[in-house]
Structures are given as C-alpha cells and as structure tokens.
Amino acid sequence: MDSLILELKEEIIKSLNLEEMTPEDIDSDAPLFGEGLGLDSIDALELIVLMERNYGIKLANASEGKSIFQSVRVMAEYISKNRTK
Amino acid sequence: MEKKYIHSVVRITNNQLMHNGELLLTRSAEDSSWPVEMYRGLHLQYPKFFKMDNLCKVGFLAAELAMKDVGVSPETEKPDFSVLLLNSTSSLDNDISYQQTIADETNYFPSPAVFVYTLANIVTGEIAIRHKIKGETSFYIQEKFSPATLSDVAELGFMPHKGIREMLIGWVDFLEDKCDVLLFRISVNPENSISEWTDEEVSRWYEAGVQKK
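How each quantity is defined
- Residues numbered from 1 in each chain as written.
- Chains lettered and ligands numbered in written order.
- Predicted model: local features only at pLDDT ≥ 70, side-chain atom pairs only at ≥ 80, totals over all residues.
- Heavy atoms only, no water.
- Helix = DSSP H or I, 4+ residues; strand = E, 2+ residues; numbered from the N terminus.
- Rg over C-alpha atoms; globule rule 2.2 N^0.38 Å.
- Buried < 20%, exposed > 50% of the residue type's maximum accessible area, 1.4 Å probe, protein only.
- Contact = heavy atoms within 4.5 Å.
- Areas by Shrake-Rupley, 256 points an atom, 1.4 Å probe, with all protein chains shown as cover.
- Lys, Arg positive; Asp, Glu negative; His and termini not counted.
- Charge placed at Lys NZ, Arg CZ, Asp CG, Glu CD.
- Salt bridge = Lys/Arg side-chain N within 4 Å of Asp/Glu carboxyl O.
- Polar contact = N/O pair within 3.5 Å; in protein donor to acceptor, adjacent residues only side chain to side chain.
- Nonpolar A, V, L, I, M, F, W, Y, C, P; charged D, E, K, R; others polar.
- pLDDT = per-residue confidence, 0-100.
- Patch = residues over 30% accessible without salt bridge, like charges linked within 9 Å, V, L, I, M, F, W, Y side chains within 5 Å.
- Arc of directions from axis to C-beta.
- Core = buried A, V, L, I, M, F, W, Y, C linked by side-chain atoms within 4.5 Å.

Draft legend 1. Region of the structure containing the overall build of chain A. Helix and strand content of chain A: four helices and zero strands. For chain A, the succession of helices and strands along the chain, N to C, is α-α-α-α. A compact globule built from 85 residues should have a C-alpha radius of gyration of about 12 Å, and chain A, at 12 Å, falls within 12% of that. In terms of overall dimensions, chain A has C-alpha extents of about 30 × 25 × 20 Å along its principal axes. Within chain A, buried positions represent 41% of all 85 residues. Partitioning the intrachain contacts of chain A with sequence separation of at least 6 by distance along the chain shows that 59% fall at a separation of at least 24. As displayed, chain A offers around 4,600 Å² of accessible surface, 49% of which is attributable to carbon and sulfur atoms. Each charge sign in chain A was given a centre, from 9 positive and 17 negative side chains, and these centres are 9 Å apart.

Right, here's the structure in full:
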C-alpha cells in the first residue's frame, strides 16, 4: 500500500501541476479538497481522468469521487480493490 | 477624448523581461521553460501559476510587474479598473496541447485542466482574480500588433459612466515558445506617470524589445 500511496502522490503532483510540492509535502490522510491540498473542481475532473488512464477505473459519475477522493490513502485503498490495470 | 497616461510598462520577448525599460531577466537556456524561469526569478508565490497555460503565465507575470507600484495590494478590490488585452494567436498554444490529449484513439484521455485554458480571454480572468479587478475584461484577436488598434481599445475601455479610471492594456501573445508581450498600466491621472499615451509611445516601447538581427 505504501508504494501505491507514493506512486499516487507523484501522479497527483504531475497531473495537477503542483510543481512546488514533493510527495513528502502531501499528508496521506489529509483531505484533498478544502483545507487540505486545496484542490478545485477541475482538479477533481483531472483525478477522475487519472484513475481511468492509470488504473482502468471508470467512475460512473463525478459524485462518486467525493468519497473516493477523501485523502490519498482512501484513494489508494479504492484503487487497490478496483484496479483493472 | 480624454488624455491617458502610462504609469507602468512591461515588455516580455522570447528571452528578455523588461519593466519600465529596465532589463530584469534574461533567459538562461533555450530548452528551459521561460515563463517558469521568470516566475522563479521574480520570487513570486502564487501556486496557481503552475496550473495556467503559457499565455496565462506570461500575462500573469506581466500584470504582477505592471501592478507592482499601483499603491494598493492585490487583495484590495478595484472597481474602477479594467483589463483589455489583444493578440494574434488566441489560445492556439494551449489548443495544440489539448489536441494532443485527444489525438490518439487508443490513448484518448481529454485533460480537463488543459481544456479550461482553450480560450484566450481566460488570461484576463486570471489577472482580474489575482488583482481583484472588477471593471471590464476583454480579449481581442487581431491580425498583428498595431499601436493604433491598442489606442482604439484603450479609448473604448475608459468608461466614465462606469467610473473606469485605470486599466491594464496590451498585447499578450504566446505560441510554441515564441513570446511577445507588451503590457501597460494606464490611467487618466497624469500624476507620477512615465509619459502620455500616444501611438508613438506605444510603438517605441514595443520596438524596445524587438531583437536586433
């Protein structure tokens, strides 16, 4: 799980252009939206694309993301259970 | 026609950044990202910068310098201020990037983050958000840089009935690593200005950044 969490942090930094950040700056349990990383609605869409492109997970609707994108750890757990690639 | 006065001028070319005629930065290497190099060279702190496309990045950088000595912070609302920009390539630089995310049918992942910048006028919005500018924002596509057209747009932009007294106006163009920016902060107030706004002055500032062959 730890390696997937690290991989996910690196992907998030790359996909969301968080150039000033390193994986160490992202708390695995901190909220991704709001007070945590402070991501916005476009970032949420980009995360949905990331899930499909990298792990073959297709979210039926954007509202599903609300529970899945709670934190990097929650995301990693969902990916490890549902990935097809 | 009310007289207008230039208070700040920013010129960005492929390899130089100038503010009020002073050379601030020179590009260090052709293979570097020039907008990112300028951002770091100016020691700015605005994480959203990295999410912007190149057109927004260079417009944002020019506005940071042009607004530097405006006398109030970016956090202060500016109801009497406008942002009016022009260029010739619209958002084509970013449109190409977006097209690349949908070019391969077997690897078809349209990027929402790239898509949101496929409009030239996003740069006026980014600048207005950053500096809390509440007046008019417009972006015009023209065949080529023309001081006379810039003057026409400036004339339209000062709207006494809406109380518009100041504006950022200029040419902000970026395509495939070619950067051509000339941004003015102008006002109807002559106090502390650099010069009166005339077509000749606009032309002179533009030519100041043209690379001699």
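From this point, the narrative continues.
Draft legend 2. Representation of the overall build of chain B in the model. Within chain B, the secondary structure is distributed over seven helices and eight strands. The C-alpha radius of gyration of chain B comes to 17 Å, within 12% of the 17 Å expected for a compact globule of 213 residues. Its C-alpha atoms give chain B principal-axis dimensions of roughly 60 × 40 × 35 Å. Taking all 213 residues of chain B together, 52% fall into the buried category. At a minimum sequence separation of 6, the contacts of chain B that also span at least 24 residues come to 66%.

Draft legend 3. Just the interface of chain B and chain A, in detail. Across the boundary between the two partners, chain B contributes 10 residues, which contact 12 residues of chain A. The tally of links from chain B across to chain A stands at two salt bridges. B:Lys51 is paired through a salt bridge with A:Asp43; the nearest N and O atoms lie 2.9 Å apart. Our enumeration of links across chain B and chain A arrives at four residue pairs in polar contact (both at pLDDT 80 or more). Among the secondary structure elements, those contributing two or more residues to the side of chain B that touches chain A are helix H1 (34-41) and helix H4 (112-115) of chain B. For the side of chain B that touches chain A, the class distribution of residues is seven nonpolar, one polar and two charged.

Draft legend 4. Spotlight on the confidence of the model for chain B. All names here are of chain B. Chain-level pLDDT for chain B is 93 on average; 98% of the residues reach the 70-or-more range. Per-element confidence in chain B ranges from a low mean pLDDT of 93 for helix H6 (residues 147-157) to a high of 98 for helix H2 (residues 54-66). With pTM at 0.91, the complex prediction returns an ipTM value of 0.81.

Draft legend 5. Just a negative patch on the surface, in detail. Side chains of A:Glu7, A:Glu10, A:Glu24 and A:Asp25 sit close together on the surface and give a patch of like negative charge. Looking at the element boundaries, A:Glu10 is found in helix H1 (residues 2-15).

Draft legend 6. Spotlight on the environment of A:Glu10. Taking relative accessible area as the criterion, A:Glu10 reaches 44% and is therefore assigned partly exposed. Between the C-alpha atom of A:Glu10 and that of A:Ala76, which follows or precedes it by 66 residues, the distance is 13 Å.

Draft legend 7. Summary view of helix H3 (residues 92-101) of chain B. All names here are of chain B. Residues of H3 that are buried: Asp93, Asn94, Tyr98 and Thr101. Seen end-on, H3 carries its buried residues on one side only, within an arc spanning 135 degrees. Each element contacted by the buried residues of H3 is listed here: H2, H4 and strand E6 (166-175).

Draft legend 8. Fine view of the side chain of B:Asp173. Residues and elements named next belong to chain B. Positionally, Asp173 belongs in strand E6. Here Asp173 occupies a buried position and makes no salt bridge, while the nearest side chain of opposite charge, Arg11, is found at 9.7 Å. There is a polar contact of 3.0 Å between the side chain of Asp173 and the side chain of Ser88. Those residues in contact with Asp173 that sit more than four places away from it in its chain are Leu55, Asn87, Ser88, Thr89, Lys178, Cys179, Asp180 and Val181.

Draft legend 9. Layout of the nonpolar core. If you look at the biggest cluster of nonpolar residues, it comprises 41 residues, and the most contacted ones within it are B:Ile12, B:Leu17 and B:Leu168. Mapped by element, the contributors of at least two residues to this core are strand E1 (5-12), H1, H2, strand E4 (81-87), helix H5 (122-131), E6 and strand E7 (178-187) of chain B. In terms of residue count, the dominant contributor to this core is H2(B) (nine residues). Ignoring any residue separated from it by four or fewer positions in sequence, one finds B:Ile12 in contact with B:Leu17, B:Trp34, B:Met38, B:Val58, B:Ala62, B:Cys179, B:Asp180 and B:Val181. Grouped together as the second largest cluster of nonpolar side chains are 23 residues, A:Ile5, A:Ile13, A:Leu18 and A:Met51 included.

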